[in-house]
Amino acid sequence: EEEEERRKPSLPLGGAMLRSGEAVLAIGAVAVCVALWVRRRREEEEEDDEIGRLVRGNIRRLAPYRCARDDYSSGVLLDANENSFGPALSGDAREARSVEIHRYPDPLASRVREGIASLRGVHPGNVFVGVGSDEAIDLLFRVFCEPKASSVLILPPTYGMYKVCAAANDVTVLQAPLDPANFDVDVERCARTARASTRLVFVTSPGNPTSRLVSPEKVLQLHERLPRAVIVVDEAYVDCAPEAASMAPLVAEYPRLVVLHTLSKAFGLAGARVGTAVADARLVAFMNNLKAPYNVNSLTAKVAADALSDLGLARMRHNVQSLLEERATLVKELAALDCVDRIHPSDANFLLVKIRPPALAKPLYLALADEASVVVRYRGDQLHCDGCLRITVGTPADNAALLAALDRLAPGLLDRLP
């Protein structure tokens, strides 16, 4: 009987094997479906993530350096190999000692971050603090632009550091010049000039050297027309412009909008080198991941935080009001000079002045510096700025010296022109 059982066909086993195979195929099909669903969801999320889909892959994957002060900043600090016996400074260096200069600073300059957030009407998570706005500009190149592949769009005449950063990062620069009549943005020209590879568009508002604000409507049109680019509005001079001119609050609504500021102009802290970027929190996180560990030193952070206090803001606004009054006076006095052809309207702390005739501008610039120790900036080599000098609004004494020098030097130089 046992022998007969062994000789029976193994149909039940074969049937079981068949059923098992079908189960494996079914499980495999389900796994494929799940994988396809997950992939599609990821693609949809990436489509919704306007920042993440534009960030370079290696930056998305980057594991940031974690410094000692990221974890603990108080207590008996024996974690960062600092000199616990204190700084090698004279007894007069009270300011440095007051911020424990022998300790590493807050890696995010949190007090400055909070002050900027309050001033600009955003959340602290939307604020990056750096060494001047130039650090933020360079980081934006490194976050979004692939060397030898990406391009950026600038709107000349404009700030020269955009080209410098592009060259340093091996990125192509495209140009869509401003309207020469009024230095306004030509949105259609920008849209025609930009490429699929364009990742950053730089708009200066107020412009440098143009001194003119760009309307928010034009900026938002650029944002809409260029969906694969980040629109960077450089507002270095915005605190000298009419109140509520900043576009910073709009970053909550427009993830591809970045607004740059500095404490070098209206706040009078050019020597401290403090700049900020207001942007989507995800972009700020990428910038913080990429920056140097302790980019803003303790002394600078303390000075900046003081400037952003209630008393500091009141002082800044008082100084700006004095500056604007002096600007109005300077415009009237310059307009009365024979050598001045045109003074462009200004929303900044400087004037773009066209000299008559244009050929006089360069020798006049040199003579002011060499013979009168009055230093202005020659901008006649910039697009649409033929014969122009850029003149910072100074104190009443500074401006009186400028006007006297112009009145004394211009006639003689004019006589010597070929």
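Above: the structure in question.
Per chain, residue numbering runs from 1 following the sequence as it is written. This being a predicted model, a pLDDT of at least 70 is required before a residue's local features are given, and a value of 80 or more before pairs of side-chain atoms are given or counted; all residues contribute to the totals for chains, interfaces and linings. The basis for every side-chain value is the complete set of non-hydrogen atoms in the structure, without hydrogens or water.

## What about empty space enclosed by the protein?
Step number 1: With a 1 Å grid laid over protein atoms only, a set of points is called a cavity when a 1.4 Å probe fits there but cannot get out and a pocket when it is open yet has protein on both sides within 12 Å along at least five of seven lines; lining residues have an atom within 4 Å of a point. Grid points are joined across faces, edges and corners, and a volume is the space filled by probe spheres set on the points. Under the counting rule described, the total for this entry stands at two cavities of 30 Å³ or more.
Step number 2: Considering only enclosed or pocket space, the largest cavity measures out at about 50 Å³ in volume.
Step number 3: Looking at the largest cavity, the residues that line it are Leu 155, Pro 157, Thr 158, Leu 178, Val 185, Phe 202, Val 203, Thr 204 and Val 214.
Step number 4: Grouping the constituent residues of the lining of the largest cavity by class yields seven nonpolar, two polar and no charged.
Step number 5: A volume near 40 Å³ is recorded for the second largest cavity. Polar here means any residue other than Ala, Val, Leu, Ile, Met, Phe, Trp, Tyr, Cys and Pro, which are nonpolar, and Asp, Glu, Lys and Arg, which are charged; Gly is therefore polar.

## Focus on the packing of aromatic side chains
Step number 1: Stacked, tilted and edge-to-face are the three classes assigned to paired rings of Phe, Tyr and Trp, where Trp is represented by its six-membered ring and a pair needs centres within 6.5 Å; plane angles under 30 degrees give stacked, over 60 edge-to-face, the rest tilted. Within this structure, the stated rule accounts for six aromatic pairs.
Step number 2: Considering the side-chain rings of Tyr 159 and Tyr 162, the 5.5 Å spacing of their centres and the 90 degrees angle between planes classify their relative orientation as edge-to-face.
Step number 3: The class for Tyr 159 is partly exposed, based on a relative accessible area of 24%.
Step number 4: Exposure classes here rest on a 1.4 Å probe applied to the protein chains alone. A residue is buried below 20% of its type maximum, exposed above 50%, and partly exposed in between. Residue Tyr 162 is classed as buried on the basis of its relative accessible area, which comes to 0%.
Step number 5: Clustering of aromatic rings is evident, with ring pairs tying together Phe 141, Tyr 159, Tyr 162 and Phe 202.

## Focus on the sheet that holds strand S10 (residues 377-378)
Step number 1: Pairing between strands is defined by DSSP: at least two bridges between them are needed. What counts as a helix is a DSSP run of H or I of at least four residues, what counts as a strand is a run of E of at least two, and both are numbered from the N terminus. Taken together, four strands build an open sheet; the order of strands is S8-S9-S11-S10 and the sheet is antiparallel. Both edges of this open sheet fall to strand S8 (340-343) and S10, since each of them pairs with a single strand only.
Step number 2: As judged from the five bridges shared by strand S9 (residues 350-355) and strand S11 (residues 388-392), these two strands associate in the antiparallel manner. Directly across from Leu 351, in S11, lies its bridge partner Ile 391.

## Topic: the sheet that holds strand S1 (residues 127-130)
Step number 1: Sheet architecture is open: seven strands sit in the order S1-S7-S6-S5-S4-S2-S3, paired in mixed fashion. With one partner strand each, in any of the chains shown, S1 and strand S3 (172-175) form the two edges of the open sheet. The sheet shows a mean angle of 25 degrees between the axes of neighbouring strands, direction not considered.
Step number 2: Residue contacts are defined here by distance: any two heavy atoms, one from each residue, within 4.5 Å place the two residues in contact. What counts as an axis is a line fitted to C-alpha atoms, over the stretch in contact for a helix, and the angles between N-to-C directions run from 0 to 180 degrees. Contacting strand S4 (198-204), strand S5 (230-234) and strand S6 (257-262), helix H9 (residues 216-225) crosses the sheet at an angle of about 160 degrees to S5.

## Points about the pairing of S5
Step number 1: Taken across its five residues, S5 has five buried, putting it largely inside the fold.
Step number 2: Of the two faces of S5, the one carrying Val 230, Val 232 and Asp 234 and the one carrying Ile 231 and Val 233 are both buried.
Step number 3: As judged from the five bridges shared by S4 and S5, these two strands associate in the parallel manner. In the strand pairing of S5, Phe 202 is matched with Val 232.
Step number 4: In the sheet, S5 pairs with S6 via four bridges, with the strands oriented parallel. Across the sheet, the residue bridging to Val 232 is Val 258, located in S6.

## Some details on the side chain of Ser 211
Step number 1: Take Ser 211: it is sitting in the loop between S4 and H9.
Step number 2: Each residue touching Ser 211, except ones within four places of it in the same chain, is listed here: Pro 206, Pro 345, Ser 346, Asp 347, Ala 348 and Phe 350.

## Overview of the nonpolar core
Step number 1: The term nonpolar core refers to a set of buried residues drawn from Ala, Val, Leu, Ile, Met, Phe, Trp, Tyr and Cys, joined through side-chain atoms within 4.5 Å. If you look at the biggest cluster of nonpolar residues, it comprises 50 residues, and the most contacted ones within it are Val 112, Val 185 and Val 203.
Step number 2: Ignoring sequence-local partners within four residues, the contact set of Val 203 consists of Leu 155, Val 185, Val 214, Val 219, Leu 222, Ile 231, Val 232, Val 233 and Asp 234.
Step number 3: Core analysis: the second largest hydrophobic core is formed by 32 residues, Ile 59, Phe 141, Val 232 and Ala 277 among them.

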